[in-house]
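Results of the structural survey
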Amino acid sequence: MNHDLRSVMRHFATGVCVVSTYTDGADGRRHDAITVNSLTSVSLDPAIITLCFRHDSRFLADLRTAGVWGVSILDGDSEGYARAFAKDPQSRQVSLTEAAHSFGEATGVLLLEAAGWMEVAYRDELVIGDHVMVIGEVVKLGAADSTAPLIFLQGGFHTLELTRS
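Summarised in this report is the structure supplied together with it. (Residues numbered from 1 in each chain as written. Predicted model: local features only at pLDDT ≥ 70, side-chain atom pairs only at ≥ 80, totals over all residues. Heavy atoms only, no water.)

Summing up its helical and strand segments, the protein chain has 4 helices and 12 strands in all. Expected size for 165 residues packed as a compact globule is a radius of gyration near 15 Å; at 16 Å, the protein chain falls within 12% of this value. A principal-axis box enclosing the C-alpha atoms of the protein chain has dimensions of 50 × 40 × 35 Å. Going through the 165 residues of the protein chain one by one, you find that 39% of them count as buried. Pairs at least 24 apart in sequence give 60% of the contacts found in the protein chain among residues at least 6 apart. Per element, the accessible surface of the protein chain, about 9,600 Å² overall, is 53% carbon and sulfur. The protein chain carries 13 positive and 21 negative side-chain charges, and their two centres are separated by 4 Å. (Helix = DSSP H or I, 4+ residues; strand = E, 2+ residues; numbered from the N terminus. Rg over C-alpha atoms; globule rule 2.2 N^0.38 Å. Buried < 20%, exposed > 50% of the residue type's maximum accessible area, 1.4 Å probe, protein only. Contact = heavy atoms within 4.5 Å. Areas by Shrake-Rupley, 256 points an atom, 1.4 Å probe, with all protein chains shown as cover. Lys, Arg positive; Asp, Glu negative; His and termini not counted. Charge placed at Lys NZ, Arg CZ, Asp CG, Glu CD.)

Here's what the structure looks like:
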C-alpha cells in the first residue's frame, strides 16, 4: 500500500475555526480571516494554543505583524463561514463585510458569532517542515451554547450531533 500523509489524515476528524488578525496601514486597519483546522490547546495554565500555517502564507505575515489574533470556533450552523473564509484573500474580504462579528475587547481582533472565541497574543513560533507553528497565549475567551460542532473529515464539513447523558 502506498499512501501519503494527506490521504491518511483524511480519517482524523478535526474541529473547524476561523482565525482573524489585522494590519494597520495608511488607509486604516485592514482585517483578514481564514479557515483553519490546526488549532491545538497546549496548556491550561497559562492558557496556550497553537496554529499552523504554510511558510509563504500572507495571513501568517499579517499575524506576525499584528502580534494578536482571534479564534472563532465554529458550530454546525456556521459551515457558511468555514467555506467563505477558505477562499482567496479577495473573497475573504467580501465575506468579512457580510459576516456577523464583533471586535475583541482585549486585542481589537475580529470575532465571528460562533460557539466559542478566543483573543490571543503571539508568544513564539517554531518552523516545522513546510509549516510554521505559531504559539499564542489566550488573553480573553468566551463560549455560547452549542449542541452541534462543525468538524472536518474526509475532505468535507460535517455536523456532529451530540447526545448528552
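Below, the discussion takes up the pairing of strand β6 (residues 68–73). Residues in a regular strand point their side chains to alternate faces of the sheet. In terms of residue burial, β6 counts as a mostly covered element, since 5 of its 6 residues are buried. Sheet analysis places strand β2 (residues 17–25) next to β6, joined by 4 bridges and oriented antiparallel. Its bridge partner being in β6, valine 19 is matched across the sheet by valine 71. In this structure, β6 lies alongside strand β9 (residues 116–128), joined through 6 bridges in antiparallel fashion. Within β9, the residue paired with isoleucine 73 across the bridge is glycine 116. (Pairing = 2+ DSSP bridges.)

This brings us to unusual backbone geometry. A cis amide bond links aspartate 45 with the next residue in sequence, proline 46, at an omega value of 5°. Along the chain, proline 46 turns up in the loop between β4 (40–44) and β5 (47–54). A positive phi angle is found at glutamine 154, which is not glycine, with a value near 50°. With respect to the helices and strands, the residue glutamine 154 is situated in the loop between β11 (150–153) and β12 (156–159).

Attention now goes to the state of the cysteines. Applying the stated criterion to the full structure yields 0 disulfides. In this model cysteine 17 remains outside any disulfide bridge; the closest cysteine sulfur is found in cysteine 52, 11 Å from its own. (Disulfide = S-S within 2.5 Å.)

Nonpolar side chains collect at one region of the surface, where Leu5, Met9 and Phe12 lie side by side and expose about 350 Å² of accessible area between them. Assignment of secondary structure puts leucine 5 in helix α1 (residues 5–9). We classify leucine 5 as exposed; its relative accessible area is 64%. (Patch = residues over 30% accessible without salt bridge, like charges linked within 9 Å, V, L, I, M, F, W, Y side chains within 5 Å. Salt bridge = Lys/Arg side-chain N within 4 Å of Asp/Glu carboxyl O.)

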